[in-house]
Amino acid sequence: MKNGRFATVCTILFAIFMLAPIVVVIAVSFTPEGYLEFPPSGISLRWYRAILDNPDFIDAFIMSLKLGLVSATIATVLTVPAALAIGRGSFRGREALQALFLSPLTVPTVVLGISFLRFLSMLGANGTFIGLALCHAVIIIPFVLRLVLASVIGMDPSIEKAAVSLGAKPGTVFRRVTLPAITPGVVGGFVLAFITSFDELTVSIFIVNPSTTTLPVRLFSHIAQTTDPLVASVSTIAILFTVAVMLFVDRLYGLDRLLIGEGKR
Amino acid sequence: MNPFLLSAPALVLFAIMMVVPLVMTFILSFNSFGFYTGIEMTLGLHNYIDVLTDSYFYEIFGRTFAIALATTIICAIIGTPQAYFLTRMRPFWRSVMVLVTLGPLLISVVVRTLGWAILLGNNGVINNALMGLGLTNSPFRMMYTSGGIVVALVHVMVPFMVLAVWAALQRQDPATQSAAESLGAKPWTVFRRVVLPQAMPGVLSGSLIVFSLSASAFATPSLIGGRRVKVVATTVYDEFLNTLNWPLGAAIAVILLVAVLVIMISWNRIVERRFAGVFQ
């Protein structure tokens, strides 16, 4: 089956619509002027040099990186055993357990944000890195769960039985049989969780303090105040970073599978 | 191993870090707030009465749901045919379009919204192009309007619609389309009479996702709408971080949560009754 001319025109217009805001940000970042200008009147790296004079953006980038790695690690370590339980068994409460772990997708993010703020400030832990990392872990667990669950359900249970019947201990079965079989889902889930945490704004904006400000929060507050091309150059670096992660994932796991996991809310 | 033992670590995290905070927010919404005294541990419905009797909040809730509805309808109109075209593409172009459609989801909403702010401004790309072509003399105001928010939100949400419809269409038998074509149906007739009915479950589940995410969106309405065009999420933000009236902000948030849940559950009921056969 092939698409007609009308479909091709629609697809091209749709692609322009999807890419326009991203292309514009990248183009604007190369302006030599002091304001957001499109198309840029020349090509200059002025606003990339400006990033070096604004170390708070670099600090925020490093903070987002650390936060993404720590929260994705917490989420993955906690979710893999839960996914094994949910994916295998038919026990009472299985559906409820799955619904609970997917619920952060249903609750409006702003509601989660204020709830974390209220809870952490009661504990006096507002703005701490560990508080931030645990909150992020909660909101990225659904993404890990879905990808790991897909791997667990797709796995042939008889290979574990074979290992047990050959005398392997439970720990050995997990390490040598189960884990390798679900690795694609675990890696995909980890990466998706990392990216989600790295991009997260609505929860973070409530619970960061000046020393734990993440990149999206830093960008947001900068854009809300002024719009100089600095935000465009920082955004371009964030886009390039995402593209690099995507290329890496494509090699490792297949980008299509990760994207479809992201799209399924 | 016992499934609950395996889930225990994640369960503990959810109990402490999600259930407890949500319950605390619910309680907070019944507390009162004094300008000098801060949060007072009283219990009463006054915050809810304040919100539900003030036309200012009705306007904000009305605007939020109108924006979410408009976004959902436009996403369905754009996303449904796009998902259909996707099923008919050659594998190479399909991979390209999957990347173009879903790739932006991996880029921060803040960055994507910045792009829209550059495109939509009075001195922005679209207005300069329109004026350069002589189509309009004065700039068409899109920043700080609900319309501008809808345009940027459609960009954020349409991937979810395309994916939901695409998933529904993958379950259909392509032979039904070929049969219609061989019987002489024109492409539009095939789409309307054969494809659309089979895509409908996807359109409906996609609409639900798009609507609930749009109704609670924060970054896009905040950056495109500015201070003038407030929605529920930005109002909650202002109550918490500017006015510092947390109990009132919590009440608004609880109303948003309940409204979204009620809409989701009733929508699911309607869809399940209407399309009971399709989901079996």
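Residues numbered from 1 in each chain as written. Chains lettered and ligands numbered in written order. Predicted model: local features only at pLDDT ≥ 70, side-chain atom pairs only at ≥ 80, totals over all residues.

Chemist: Quick one: what's the story with the overall build of chain B, residue by residue and with numbers?
Modeler: Within chain B, the regular secondary structure consists of 12 helices and 2 strands. Going residue by residue from the N terminus, the α and β elements of chain B occur as α-β-β-α-α-α-α-α-α-α-α-α-α-α. With the C-alpha coordinates aligned to their principal axes, the bounding extent of chain B is approximately 75 × 70 × 35 Å. Counting only residues that meet the buried cut, chain B has 45% of its 280 residues in that class. Pairs at least 24 apart in sequence give 72% of the contacts found in chain B among residues at least 6 apart. (Helix = DSSP H or I, 4+ residues; strand = E, 2+ residues; numbered from the N terminus. Buried ≥ 20, exposed ≤ 12 C-beta atoms within 10 Å, placed from the backbone. Contact = placed C-beta atoms within 7 Å.)

Chemist: Which residues make up the overall build of chain A, and what are the values?
Modeler: Broken down by element type, chain A carries 12 helices and 0 strands. Seen through its principal axes, chain A has C-alpha atoms that stretch 70 × 60 × 30 Å. Here chain A holds 265 residues, and the buried ones make up 48% of them. Nonlocal contacts in chain A, meaning residues at least 24 apart in sequence, comprise 75% of its contacts between residues at least 6 apart.

Chemist: Can you lay out the domain arrangement of chain A for me, pointing to particular residues and giving the numbers?
Modeler: All names here are of chain A. For chain A, the assigned domains read domain 1 (1-44) and domain 2 (54-263). Centre-to-centre separation of domain 1 and domain 2, based on C-alpha positions: 30 Å. Each partner contributes residues to the interface: domain 1 has 9 residues there, and domain 2 has 8 residues. (Domains from an automatic or database assignment.)

Chemist: Explain the environment of Leu99(B) residue by residue, including any values.
Modeler: Note on placement: Leu99(B) falls in helix α4 (residues 91-102). Spatially, the C-alpha atoms of Leu99(B) and Leu244(B) are 42 Å apart, while their sequence positions differ by 145 residues.

Chemist: Kindly report on the interface of chain B and chain A, identifying the contributing residues and their values.
Modeler: Across the contact, 67 residues belong to chain B and 73 residues belong to chain A. It is helix α1 (residues 3-28) of chain B that contributes the most residues to the side of chain B that touches chain A, 15 residues altogether. Its residues assigned to classes, the side of chain B that touches chain A shows 54 nonpolar, 11 polar and 2 charged. (Nonpolar A, V, L, I, M, F, W, Y, C, P; charged D, E, K, R; others polar.)

Chemist: Outline the nonpolar core, supporting the account with residue identities and numerical values.
Modeler: In terms of nonpolar packing, the biggest core is built from 162 residues, with Val144(A), Val148(A), Ile118(B), Met157(B), Met161(B) and Ala253(B) touching the most fellow members. When residues of this core are assigned to domains, at least three fall in each of domain 1 (1-44) and domain 2 (54-263) of chain A. (Core = buried A, V, L, I, M, F, W, Y, C linked by C-beta atoms within 7 Å.)

Chemist: So what's going on with the packing of helix α7 (residues 158-165) of chain A against helix α8 (residues 170-199) of chain A? Residues and values would help.
Modeler: Residue and element names in this part refer to chain A. Running from amino to carboxyl end, α7 crosses α8 at an angle of 145°, the nearest separation of the two axes being 10 Å. For the crossing formed where α7 meets α8, the hand is right-handed. Contacts from Ile159, Glu160, Ala163 and Val164 of α7 reach α8 at Val173, Val177 and Thr178. Of the residues assigned to the contact of α7 with α8, the class counts are 5 nonpolar, 1 polar and 1 charged. (Axes fitted to C-alpha atoms, helices over the stretch in contact; angles between N-to-C directions. Left-handed = near helix turned anticlockwise from the far one by under 90°.)

Chemist: If you had to explain the packing of helix α2 (residues 46-53) of chain A against helix α11 (residues 230-252) of chain A to someone new, which residues and values would you point to?
Modeler: Residues and elements named next belong to chain A. Between α2 and α11, whose axes approach to 8 Å, the crossing angle comes to 90°. On the basis of the axis angle, α2 is roughly perpendicular to α11. Contacts between α2 and α11 pair Trp47, Tyr48, Ala50 and Ile51 from the former with Leu230, Ala232, Ser233 and Val234 from the latter. Taken together, the residues of the contact of α2 with α11 sort by class into 7 nonpolar, 1 polar and no charged. (Parallel < 35°, antiparallel > 145°, perpendicular 65-115°, else oblique.)

Chemist: Run through α1(B), naming residues and quoting values.
Modeler: Between its first and last C-alpha, α1(B) extends 35 Å over 26 residues, near the 38 Å set by a 1.5 Å rise per residue. Every buried residue of α1(B) is listed here: Pro3(B), Ser7(B), Ala10(B), Phe14(B), Met17(B), Met18(B), Pro21(B), Leu22(B), Thr25(B) and Leu28(B). Looking at the packing, one finds that the buried side of α1(B) touches α3 (55-88), α4 (94-102), α5 (109-123) and α6 (129-154) of chain A together with α12 (246-274) of chain B. (Expected span 1.5 Å × (residues − 1).)

Chemist: Please provide a residue-by-residue account of unusual backbone geometry, values included.
Modeler: Residues and elements named next belong to chain B. Positive phi, normally seen in glycine, also occurs at Tyr144, with a value near 60°. Along the chain, the position of Tyr144 falls in the loop between α6 (125-132) and α7 (146-170). On the neighbour-count criterion, Tyr144 (16 C-beta atoms within 10 Å) is partly exposed. Phi is positive for Leu244, close to 65°, though the residue is something other than glycine. As for its position among the elements, Leu244 is in the loop between α11 (232-243) and α12. For Leu244, a count of 14 C-beta atoms within 10 Å translates into the label partly exposed.

Chemist: Could you give me a rundown of α11(A), with the residues and numbers involved?
Modeler: Given 3.6 residues to a turn, an α-helix orients residues that are three or four positions apart in the same direction. All names here are of chain A. In this model α11 runs 33 Å from its N-terminal to its C-terminal C-alpha over 23 residues, within 8% of the 33 Å that 1.5 Å per residue would give. All of the buried residues in α11 are Leu230, Val231, Ala232, Ser233, Val234, Ser235, Thr236, Ala238, Ile239 and Val249. The positive-phi residue at the C-terminal boundary of α11 is Gly254, with phi of around 95°.

Chemist: Lay out the environment of Leu166(A) in plain terms, naming residues and giving numbers.
Modeler: Relative to the assigned elements, Leu166(A) resides in the loop between α7 and α8. Residues Leu166(A) and Thr8(A) lie 158 residues apart in sequence; the distance between their C-alpha atoms is 57 Å.

Chemist: Any details on the confidence of the model for chain B? Residues and values, ideally.
Modeler: All names here are of chain B. On average, chain B scores 91 in pLDDT, and the residues at 70 or more come to 98%. Of all helices and strands in chain B, the one with the weakest mean pLDDT is strand β2 (residues 38-40) (83), whereas helix α3 (residues 55-88) scores best (96). Taken over the whole predicted complex, pTM reads 0.92, whereas the ipTM for its chain interfaces reads 0.92. (pLDDT = per-residue confidence, 0-100.)

Chemist: Give me the lowdown on the environment of Pro104(A), citing residues and values where you can.
Modeler: As for its position among the elements, Pro104(A) is in the loop between α4 and α5. A tally of 19 C-beta atoms within 10 Å means that Pro104(A) is categorised as partly exposed. Separated by 38 residues in the primary sequence, Pro104(A) and Pro142(A) have C-alpha atoms spaced 7.1 Å apart. Each residue touching Pro104(A), except ones within four places of it in the same chain, is listed here: Leu112(A), Val138(A), Ile139(A), Ile141(A), Pro142(A) and Met18(B).

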